[in-house]
Amino acid sequence: MDLPGPVVAAVRGARRILVLTGAGMSAESGVPTFRDAQSGLWENFDPSQLATPDAWADDPPFVWAWYAWRLHLVRDVAPNAGHRALAELATHRDVTIVTQNVDDLHERAGSEVAAHLHGSLTELRCADCHEPYDGEPTLSPEPVKRLDPETCAACGGDVRPGVVWFGEMLPEAAVATTEAAIEALEPGDVCLVVGTSGIVFPAAGYPAMALAEGATVIEVNPVDTDITDMCHHAIRGTAANVLPALVS
Ligand SMILES: CC(C)NC(=O)[C@H](Cc1c[nH]c2ccccc12)NC(=O)[C@H](CCCC/N=C(/NCCC(=O)O)S[C@H]1O[C@H](COP(=O)(O)OP(=O)(O)OC[C@H]2O[C@@H](n3cnc4c(N)ncnc43)[C@H](O)[C@@H]2O)[C@@H](O)[C@H]1O)NC(=O)OCc1ccccc1
């Protein structure tokens, strides 16, 4: 894929590259984006209704079934060329990856992720005493409507996914790491925004913060988003097509 000269020059000339990724980063691996994760059983449910403490409180087996399906799916897929390109770039450039994604595909591609802003599907903990759960959860290969959560060995509570639900605070360390990486940006550095619709906060506010630090903000997304207008460059393409071209 040929990229505009100014984009290639900006990435080539950058001292630091901050990469903010969203669900689109994993789409070509077969992980549905948040806005189209509503396949099959959950298509009548707004994800931001499922991914909430209230939904869990109302019906843990219903919410756990959704996460067990997503965890099984993520285990079944592999990083795509976009994930691999970022891992390759980090071998010879100063790259910081911050993601909204709860999958581990960046890590499985060999990248170090500075911050999982919305937590991780692969980390489970007790919903009551927060004790990490390191057992092997029973997952169902097929989407099922209800699945009993695992039980916490420490207090007998229900085990929940280690993700950040709507209305929950983001992990302090992830926010601190992200804000420090943004504050370290200087004119000539680059902020790559890959595969996010830019509607979930506070993550959606970070590109503007990078812009305020003087960084060149480059969006990679097949379509316009709420972030497009503030970007210096918007590349209309997919993560697996654009990122390899950007790093070669
Ligand atoms: C919906 C939105 C309006 N609501 C919020 O933002 C809320 C409330 C809020 C706080 N501040 C605000 C300010 C204004 C308005 C609202 C708020 N935020 C919160 O609750 C946050 C917590 C947010 C985290 C929620 N958890 C997730 N995930 C984990 C769970 C789970 O995964 O189940 S968010 C979840 O949705 C987000 C989805 O966004 P995207 O990643 O962008 O994905 P999406 O599907 O939307 O878009 C995909 C994009 O990819 C593109 N694409 C597709 N294919 C490709 C491709 N192949 N290549 C490239 N791009 C591609 C598409 O075109 C598209 O643009 C992700 O972050 C994902 O993690 N907590 C909080 O702020 O705590 C304190 C607080 C609390 C209450 C009130 C005030 C303050």
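None of the values given here were measured: they were computed from a predicted structure. (Residues numbered from 1 in each chain as written. Predicted model: local features only at pLDDT ≥ 70, side-chain atom pairs only at ≥ 80, totals over all residues. Heavy atoms only, no water.)

Engineer: Please explain helix α1 (residues 5-13) as it appears in this structure.
Structural biologist: Helical geometry: 3.6 residues make up each α-helical turn, so side chains three or four residues apart lie on a common side. Along α1, the residues classified as buried are V7, A10 and V11. Viewed along the axis of α1, the buried residues span an arc of 95°, placing them on a single side of the element. Exposed side chains of α1 directed beyond 90 degrees from the buried face belong to P6, R12 and G13. On its buried face, α1 is in contact with β1 (16-21), β7 (190-194), β8 (216-220), β9 (233-235) and α10 (239-247). (Buried < 20%, exposed > 50% of the residue type's maximum accessible area, 1.4 Å probe, protein only. Helix = DSSP H or I, 4+ residues; strand = E, 2+ residues; numbered from the N terminus. Arc of directions from axis to C-beta. Contact = heavy atoms within 4.5 Å.)

Engineer: I'm lost on the domain arrangement of the protein in this one. Help?
Structural biologist: Often the size quoted for an interface is simply the accessible area lost on bringing the parts together. Parsing the protein into structural domains produces domain 1 (1-31 + 79-118 + 170-248) and domain 2 (32-76 + 122-163). For domain 1 and domain 2, the distance between their C-alpha centroids amounts to 27 Å. Listed as interface residues are twelve residues of domain 1 and, on the opposing side, ten residues of domain 2. Of the roughly 850 Å² buried at the junction of domain 1 and domain 2 (both faces included), carbon and sulfur atoms supply 62%. At the junction of domain 1 and domain 2, the tally comes to zero salt bridges. In this assembly, domain 1 and domain 2 are joined by two residue pairs in polar contact (both at pLDDT 80 or more). Of the residues assigned to the side of domain 1 that touches domain 2, the class counts are six nonpolar, three polar and three charged. (Domains from an automatic or database assignment. Buried area = accessible area lost by both parts, 1.4 Å probe. Salt bridge = Lys/Arg side-chain N within 4 Å of Asp/Glu carboxyl O. Polar contact = N/O pair within 3.5 Å; in protein donor to acceptor, adjacent residues only side chain to side chain. Nonpolar A, V, L, I, M, F, W, Y, C, P; charged D, E, K, R; others polar.)

Engineer: Hey, could you run me through α10 in this one?
Structural biologist: Counting buried residues along α10, seven of its nine residues qualify, which places the element largely inside the surrounding structure. Taken together, the buried positions of α10 are A239, A240, V242, L243, A245, L246 and V247.

Engineer: Would you mind going over the sheet that holds β1 with me for this structure?
Structural biologist: Sheets are built from strands paired through backbone hydrogen bonds, the pairs being either parallel or antiparallel. Strand order in the open sheet formed by six strands is β3-β2-β1-β7-β8-β9, and the pairing between neighbours is parallel. The sheet terminates laterally at β3 (113-116) and β9, the two strands that pair on one side only. The average angle at which neighbouring strand axes cross in this sheet is 20°, direction not considered. The strands touched by helix α8 (residues 172-183) within the sheet are β1, β2 (94-99) and β3, with β3 carrying the most contacts at an inclination of about 130°. (Pairing = 2+ DSSP bridges. Axes fitted to C-alpha atoms, helices over the stretch in contact; angles between N-to-C directions.)

Engineer: Even after reading the chapter, I still don't get the packing of aromatic side chains, so can you show me in this structure?
Structural biologist: Aromatic ring pairs: the centre-centre distance and the angle between the two ring planes describe each pair. For the structure on display, the rule yields five aromatic pairs. Relative to W66, the ring of F34 lies with its centre 6.3 Å away and its plane at 65°, an arrangement referred to as edge-to-face. Residue F34 is located in the loop between α2 (24-27) and α3 (47-50), and its partner W66 is located in helix α5 (residues 60-76); the two are separated by 32 residues in the primary sequence. The buried category is assigned to W66, whose relative accessible area is 0%. Seen from their ring centres, W66 and Y67 are 4.9 Å apart, and the 70° between their planes marks the pair as edge-to-face. (Phe/Tyr/Trp six-rings, centres within 6.5 Å; stacked < 30°, edge-to-face > 60°.)

Engineer: Where do I start with the site of the ligand in this structure?
Structural biologist: The full set close to the ligand counts 36 residues, and Y67, R70, V164, T196 and S197 are the nearest of them. Between the ligand and the protein, one listed contact pairs an oxygen atom with a side-chain N or O atom of T196 at 2.6 Å. In the environment of the ligand, an oxygen atom lies 2.7 Å from a nitrogen or oxygen atom belonging to the backbone of F201. Looking at the shell around the ligand, the elements with two or more residues in it are α2 and α5. In terms of residue count, the dominant contributor to the shell around the ligand is α5 (three residues). For the shell around the ligand, the residue count by class is 20 nonpolar, twelve polar and four charged. Looking at which domains feed residues into the shell around the ligand, each of domain 1 (1-31 + 79-118 + 170-248) and domain 2 (32-76 + 122-163) supplies at least three. (Near = heavy atom within 4 Å.)

Engineer: Help me out: how do you make sense of the nonpolar core in this one?
Structural biologist: Within soluble globular proteins, side chains that are nonpolar tend to cluster in buried spots. Of all hydrophobic cores here, the largest spans 29 residues; its most connected members are V63, W64, Y67, L121 and W165. Looking at this core, the elements with two or more residues in it are α4 (53-58), α5, β4 (119-126) and β6 (159-163). It is α5 that provides the largest number of residues to this core, a total of eleven residues. Per-domain counts for this core show at least three residues from each of domain 1 (1-31 + 79-118 + 170-248) and domain 2 (32-76 + 122-163). Setting aside residues up to four positions removed in sequence, L121 forms contacts with Y67, R70, L71, V74, V102 and V163. If you look at the next biggest cluster of nonpolar residues, it comprises 26 residues, including A14, A85, V113 and L192. (Core = buried A, V, L, I, M, F, W, Y, C linked by side-chain atoms within 4.5 Å.)

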